[in-house]
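Take a look at the letters that make up each chain.
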Amino acid sequence: MKKLIKNGTIVTSTNEYSADIYIEDGIIKEIGKDLDIKADEIIDAEGKLIFPGGVDEHVHYGSFGARLFETTDAAAVGGTTTIVDFAPQDKDVSLIDSIKRQAAKAENIACVDYAFHGIIMDPKDSVFEEIPQLSEIGVASLKLFMAYKGTNFYSDDESILKAMMIAKKHGITMMVHAENADIISVLQKKYLEEGCTDPIYHYYSRPPIAEEEATKRAIALAKSVDCPLYVVHVSVAEAMEAIREAYEEGWPIYGETCTHYLTLNTDYLAKPNFEGAKYVCAPPLRPQRHLDALWDAVQKGWIQAVGSDHCAVEGGFEAKKRGIGDFTKIPNGCPGVQDRLALLWTNGVCKGKITRQKFIELFSTKPAKIVGLYPQKGEIAVGSDADIIIFDPYFEGMISNKESLHGIDYSPFEGFKIKGKPEQVFLRGERIAKNGKFVGERGKGRWQKCKPYAFCYDYYRGE
Ligand code: URP
Ligand code: ZN
Ligand code: ZN
Ligand code: ZN
């Protein structure tokens, strides 16, 4: 199929201009004014903005009790054409085999393209020895957890250092979940003993200082072995400041935040009738001053990308109710893959907090660079995949779970006013969404292989 998108305004992370886009075999073949090329379909995008498809480099499908890849149509309608899932390491299964198992769950099911980060859940030498082979299966990043003590997610500092030393040698980007596990387990116990069981104690037992401390420690570990570091889901101003400081000193230390840390504060966790449980994720939602600091940070480039940390816990609110009487039993995670674009655009661009260029950078271009998928993904340029959003900036509406395809019974953003919508979304040239409906073919998403020595390693090339 040959397609020609005419008269739109192309918005990239560096500029915007009006031009036509010619697509053939799923690739952008030409960009230019008044292209006169024969096509099977001509799409008029007059008055519309054209964005590169979103790259959400932080999603969970299947792990943490989340729904699986059949719900990735939610990504498509929300303008995200590539998701990067955290593949959990299964018990007594090698790192590589665990990732292959996770990939098999997406194959012929996923509605958008997908790639993977590894997660080490069995931090021992034989597992670290697999790190050099990650790039052979198209994985170029690895997450370790400083939180969740007493579970097999947890890695101590020694394990993190060992992993860092090997990862650095092989161009694998190290990611950490930075929260001090001991602070959390001691405070959880204390609050439960005091009879404080409501969802808001999820926040009180994971205070900002727990994230600040772990972030600073992760930075110290990274500096000590001179390893690039990407701190995922930064939610605390002081943690962001620590990343910023290290970066400004010249270290390859970067951070990501997530949509909900920019748009939801702790008031939501404090909602009565156990409603707060709907907003339980880790790190927890923070008081407003952190949200303000994070908006400032994303515009100024101190935080590199905005992921959704999409984690639609199977069973929705009912599943969350497992934590009635004990907030530590509330399953962590909130859905968000469908709303990342709308929330960033409405609350960022429309409110003057970020420019359109910064929006594209945070939503699509930088995430693609960070995971090693650029310029195939995250860009509107000749030779890139034709992952394209035709965006109607004049639309005004509201987020409602009725229109959410994430497969659970609530949206954390219910009733949020939104401006603009992805009117049409194309994945490698094929139309997959139109006005909030998935119109693509299920299972057409493909595993995208990430290249090692991505973004974070620019530092070593002196770029
Ligand atoms: O609450 C969340 N985010 N669940 C997923 C796990 C994680 O740490 O990213
Ligand atoms: Zn995490
Ligand atoms: Zn996550
Ligand atoms: Zn319209």
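What counts, and at which threshold
Residues numbered from 1 in each chain as written. Chains lettered and ligands numbered in written order. Predicted model: local features only at pLDDT ≥ 70, side-chain atom pairs only at ≥ 80, totals over all residues. Heavy atoms only, no water. Donors = N, O, S within 2.8 Å, 3.2 Å for Na, K, Ca; no water. Helix = DSSP H or I, 4+ residues; strand = E, 2+ residues; numbered from the N terminus. Buried < 20%, exposed > 50% of the residue type's maximum accessible area, 1.4 Å probe, protein only. Pairing = 2+ DSSP bridges. Axes fitted to C-alpha atoms, helices over the stretch in contact; angles between N-to-C directions. Contact = heavy atoms within 4.5 Å. Near = heavy atom within 4 Å. Polar contact = N/O pair within 3.5 Å; in protein donor to acceptor, adjacent residues only side chain to side chain. Areas by Shrake-Rupley, 256 points an atom, 1.4 Å probe, with all protein chains shown as cover. Nonpolar A, V, L, I, M, F, W, Y, C, P; charged D, E, K, R; others polar. UniProt positions renumbered as here; feature names shortened; annotations may be inferred. Tetrahedral: all angles 85-135°; square planar, octahedral: opposite > 155°, others 65-115°.

Chemist: Let's hear about the coordination of the zinc ion (ligand 4): which residues, and what values?
Modeler: On the protein side, the zinc ion (ligand 4) has Asp392 (OD) and Glu423 (OE) as donor atoms, found 2.2 to 2.8 Å from it. Here the residue Asp392 occupies a position in strand 14 (residues 388-398), and Glu423 occupies one in strand 15 (residues 417-427), the gap between them amounting to 31 residues. Asp392 gets classed as buried once you look at its relative accessible area, which sits at 11%.

Chemist: Before we move on, can you summarise the sheet that holds strand 6 (residues 54-59) with the specific residues and values?
Modeler: An order of 6-7-8-9-10-11-12-13 is seen for the 8 strands of this open sheet, with the pairing classed as parallel. Whereas interior strands pair on both sides, the edge strands pair on one side only; in this sheet they are strand 6 and strand 13 (305-307). Strand after strand, the sheet turns through a mean of 30° between neighbouring axes, direction not considered. Against the sheet, helix 14 (residues 356-371) makes contact with strand 6, strand 7 (80-87), strand 8 (113-119), strand 10 (173-177), strand 11 (229-231) and strand 13, and its axis sits at roughly 60° relative to strand 6, the strand it touches most.

Chemist: Outline the site of ligand 1, supporting the account with residue identities and numerical values.
Modeler: Surveying the vicinity of ligand 1 reveals 13 residues, the closest of which are His60, Lys143, His177, Ala282 and Asp309. Separating an oxygen atom of ligand 1 from a side-chain N or O atom of His60 is a distance of 3.0 Å. Here Gly333 contributes a backbone N or O atom positioned 3.3 Å from an oxygen atom of ligand 1. Bound to the protein, ligand 1 loses 100% of the 270 Å² it would expose on its own. For the shell around ligand 1, a count of residues per class yields 5 nonpolar, 6 polar and 2 charged.

Chemist: I'd like to hear about the UniProt feature "modified residue: N6-carboxylysine" (unreviewed entry) in the protein chain, residue by residue, with values.
Modeler: According to UniProt, the positions carrying the feature "modified residue: N6-carboxylysine" (unreviewed entry) are Lys143. Judged by its relative accessible area of 1%, Lys143 falls in the buried class. For Lys143, the contacting residues outside a window of four places in its chain are His58, Phe86, Gly118, Ile119, Ile120, Met175, His177, Val232 and His233.

Chemist: Outline the UniProt feature "domain: Amidohydrolase-related" (unreviewed entry) in the protein chain, supporting the account with residue identities and numerical values.
Modeler: Following the UniProt record, one finds the feature "domain: Amidohydrolase-related" (unreviewed entry) at residues 50-431. The distance from the first to the last C-alpha atom of residues 50-431 is 14 Å, and the span holds 35% helix and 18% strand.

Chemist: Quick rundown of the coordination of the zinc ion (ligand 3)? Include the residues and the values.
Modeler: Within the protein, the atoms that donate to the zinc ion (ligand 3) are His58 (NE2), His60 (NE2) and Asp309 (OD), at distances of 2.0 to 2.1 Å. Classification of the site at the zinc ion (ligand 3) as tetrahedral follows from its 4 donor atoms and the range of 89 to 134° in their angles at the metal. By relative accessible area, which is 0% here, His58 ends up buried. Since its relative accessible area comes to 4%, His60 is described here as buried.

Chemist: Just give me the short version of the environment of Lys149, but keep the residues and values in it.
Modeler: Within the secondary structure, Lys149 sits in the loop between strand 9 (141-145) and helix 4 (157-169). Between the alpha carbons of Lys149 and Ile354 there is a distance of 37 Å; along the sequence they are 205 residues apart. Among residues more than four places away in sequence, those in contact with Lys149 are Tyr154, Ala181 and Asp182. Here the side chain of Lys149 touches Asp182 through a polar contact of 2.8 Å, side chain to side chain.

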